[in-house]
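Residues per chain, in single letters:
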Amino acid sequence: ASNGEDLPGRGWAGRALDGVTTGQTDAIFVGDADVPRSLHGRRSCVTSLVPGKKIELQSAINPNLGFGRMDHVLDAYDSANKLEQPTKRSRQSYPGSQLGQSLRTIAQFIGIESSARIYYALQRGYDTHNAQAASHGALLSDFSGSLKAFLDDLQSQNLQDRVAVIAFSEFGRRVSENGSAGTDHGTAGPVFVA
């Protein structure tokens, strides 16, 4: 959401959080990749973790951390401890995919009233330059099943009115099929908000 020159290294979600940061965890990225650039901000704090694994925070309390960053570390420890309580684990059935497990983890964080205002999950595989039909259908089926499980989970916890879901692509695709039964990179992409 910039031309890459005016705000280097900062993303649209991180910039939005910069104005409302509390000194605790402002966003949680659940995935096994680097934190997406869209979450990078100047003052906001992002916690990153891998879904499906026991949450273990490294003992990285540094005496040179500012007071706000120390609050961030303590908040992350508190959230991890709450998630380990058996009553906080989801009873909803989710797909075993990375997206399904990421959304399960996010629902758990929402259920324990984490300080985070933004939760971010990834679903990879949409870079389909050839033979797109089968893989695209499988991706959309996983997306649909994972999102339904997530929304059902929130409803079972009576949290559905507290959440807005935004689904978007980090890069655009062309509408026209290429010569390899796929699509190539484009300059625009859909954004869905529910």
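In this text the structure is predicted, and so the values were computed from the model without any measurement.

## Topic: the pattern of salt bridges
Step number 1: Scanning the entire structure with this criterion turns up four salt bridges.
Step number 2: Linking D127 and R173 is a salt bridge whose minimum nitrogen-to-oxygen distance equals 2.9 Å. Here D127, found in the loop between strand 3 (118–121) and helix 4 (132–156), pairs with R173, found in strand 5 (residues 172–173); they are 46 residues apart in sequence, far enough to count as distant.
Step number 3: We classify D127 as partly exposed; its relative accessible area is 42%.
Step number 4: Of the charged contacts, one joins D152 and K148 as a salt bridge, the two residues approaching to 2.6 Å between their closest N and O atoms. You can see D152 and its partner K148 sitting in helix 4, four residues apart, about one turn around the helix.
Step number 5: By relative accessible area, which is 25% here, D152 ends up partly exposed.

## Points about helix 3 (residues 98–111)
Since the α-helix advances by 3.6 residues per turn, residues separated by three or four positions end up pointing in the same direction.
Step number 1: If you check helix 3, its first and last C-alpha atoms are 20 Å apart, about what 14 residues at 1.5 Å a residue would give, namely 20 Å.
Step number 2: Listed as buried for helix 3 are L99, G100, Q101, S102, L103, R104, T105, I106, A107, Q108, F109 and I110.
Step number 3: Just downstream of helix 3 lies E113, where phi reads positive at about 60°.

## With respect to the packing of helix 3 against helix 4
Step number 1: Where helix 3 meets helix 4, the closest approach of the two axes is 9 Å, and the angle between their N-to-C directions is 15°. In this view, helix 3 runs roughly parallel relative to helix 4, as classed from their interaxial angle. For the pair helix 3 and helix 4, the crossing hand works out as right-handed. Between helix 3, through L99, G100, L103, I106, A107 and I110, and helix 4, the contact on the second element is made entirely by D142, F143, S146, L147, F150, D153 and L154.

## Looking at the sheet that holds strand 3
Step number 1: Taken in spatial order, the three strands line up as 2-1-3 in an open sheet, and their pairing is parallel. Every interior strand has two partners, whereas the edge strands, strand 2 (46–49) and strand 3, have only one. Across the sheet, the mean angle from the axis of one strand to that of its neighbour is 15°, orientation sign disregarded.
Step number 2: Examined bridge by bridge, strand 1 (residues 27–30) and strand 2 share four bridges and lie parallel to one another. What sits directly across from F29, in strand 2, is S48.

## Some details on the nonpolar core
Proteins that are soluble and globular tend to have nonpolar side chains buried together.
Step number 1: Counting residues in each nonpolar core, the largest one holds 19 residues, and the members touching the most others are I28, I106, I110, Y119 and F150.
Step number 2: Those residues in contact with I110 that sit more than four places away from it in its chain are Y119, F150, L154, L159, R162 and V163.
Step number 3: One finds A13, L17, L39 and Y120 within the second-largest nonpolar core, a separate group that totals six residues.

## Comments concerning unusual backbone geometry
Step number 1: Despite not being glycine, E113 has its phi angle at roughly 60°, a positive value.
Step number 2: Positionally, E113 belongs in the loop between helix 3 and strand 3.
Step number 3: What makes E113 exposed here is its relative accessible area of 59%.
Step number 4: Located in the positive-phi region is A181, a residue other than glycine, with phi close to 60°.

So, how was this worked out
- Residues numbered from 1 in each chain as written.
- Predicted model: local features only at pLDDT ≥ 70, side-chain atom pairs only at ≥ 80, totals over all residues.
- Heavy atoms only, no water.
- Salt bridge = Lys/Arg side-chain N within 4 Å of Asp/Glu carboxyl O.
- Helix = DSSP H or I, 4+ residues; strand = E, 2+ residues; numbered from the N terminus.
- Buried < 20%, exposed > 50% of the residue type's maximum accessible area, 1.4 Å probe, protein only.
- Expected span 1.5 Å × (residues − 1).
- Axes fitted to C-alpha atoms, helices over the stretch in contact; angles between N-to-C directions.
- Parallel < 35°, antiparallel > 145°, perpendicular 65-115°, else oblique.
- Left-handed = near helix turned anticlockwise from the far one by under 90°.
- Contact = heavy atoms within 4.5 Å.
- Pairing = 2+ DSSP bridges.
- Core = buried A, V, L, I, M, F, W, Y, C linked by side-chain atoms within 4.5 Å.

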